[in-house]
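Listed below are the residues making up each chain.
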Amino acid sequence: MNTNNFGQSGRNPNHCIACTVQQCAHHCGSDNYCSLDRILVGTHEYNPTEDQCTDCKSFLKK
Ligand code: SF4
């Protein structure tokens, strides 16, 4: 029985930060959440106009 808050990845999912980027080292695997306490979101555009213009700046390649 799993008696702690850790997901199958061994990371603690932060349910305030949902994320589907499974290629990130901070992702919780089968749980679509981030394991960080907080993240930084930014943009690579001069004038962002849609969601594709934004980026998670806390991304770390696995
Ligand atoms: S750091 Fe960003 S990309 Fe990586 S799991 Fe967390 S929210 Fe997703």
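Preceding this section is the structure that the text describes.
Small disclaimer: the values here were computed from a predicted structure and weren't measured.

**Q** What exactly am I supposed to notice about the overall build of the chain here?
**A** Looking only at helices and strands, one finds 0 helices and 5 strands in the chain. The secondary structure elements of the chain, listed N-terminal to C-terminal, are β-β-β-β-β. Each of the 62 residues in the chain was classed as buried or not, and the buried ones make up 23%. Restricting the contact set of the chain to residue pairs at least 6 apart, pairs at least 24 apart contribute 18%. Of the roughly 5,000 Å² that the chain leaves accessible, carbon and sulfur atoms contribute 49%.

**Q** Mind showing me how you'd approach the sheet that holds strand β2 (residues 27-28) here?
**A** Hydrogen bonds along the backbone pair up the strands of a sheet, which may run parallel or antiparallel. With respect to topology, 3 strands assemble into an open sheet ordered β1-β3-β2, the strand pairing being antiparallel. At either margin of the open sheet sits one strand with a lone partner, and together these are β1 (14-18) and β2. As paired elements, β2 and strand β3 (residues 31-34) share 2 bridges and run antiparallel to each other. In the strand pairing of β3, C28 is matched with D31.

**Q** Is there a simple way to think about the site of the ligand in this case?
**A** Taken together, the residues surrounding the ligand are C19, V21, C24, H26, H27, C34, L36, I39, C56, S58 and F59. Here the shell around the ligand is composed, by residue class, of 8 nonpolar, 3 polar and no charged.

**Q** Would you mind going over the environment of C24 with me for this structure?
**A** Note on placement: C24 falls in the loop between β1 and β2. Dropping the residues within four chain positions of it, C24 is found in contact with F59, L60 and K62.

**Q** What exactly am I supposed to notice about the pairing of β3 here?
**A** Two faces, one strand: in a regular strand the side chains alternate between the faces of the sheet. Direction of pairing for β1 relative to β3: antiparallel, over a ladder of 2 bridges. Opposite A18, over in β3, you have Y33 as the bridge partner. In this structure, the hairpin formed by β2 and β3 is closed by a connection of 2 residues, where G29 is found at a positive phi of approximately 70 degrees.

Conventions and cut-offs
- Note on numbering: residues in each chain are counted from 1, in written sequence order.
- Selection of residues for local features in this predicted model requires a pLDDT of at least 70, selection of side-chain atom pairs for listing and counting requires 80 or more, and totals for whole chains, interfaces and linings are taken over all residues.
- The side-chain figures draw on all heavy atoms in the structure; neither hydrogens nor water molecules are used.
- Segments assigned H or I by DSSP are reported as helices when at least four residues long, segments assigned E as strands when at least two residues long, and all are numbered from the N terminus.
- Summary of the burial criterion: residues with accessible area below 20% of their type's maximum are buried, those above 50% are exposed, and those between are partly exposed, where the area comes from a 1.4 Å probe applied to protein chains only.
- In this analysis, two residues are considered to be in contact whenever any of their non-hydrogen atoms come within 4.5 Å of each other.
- Exposure was quantified through the Shrake-Rupley algorithm and a 1.4 Å probe, taking into account, for residues, occlusion by the shown protein chains and nothing else.
- Pairing between strands requires that DSSP locate at least two bridges from one strand to the other.
- We call a residue near a molecule or strand as soon as one heavy atom of that residue lies within 4 Å of the molecule or strand.
- Residues are grouped as follows: Ala, Val, Leu, Ile, Met, Phe, Trp, Tyr, Cys and Pro are nonpolar; Asp, Glu, Lys and Arg are charged; all remaining types, including Gly, are polar.

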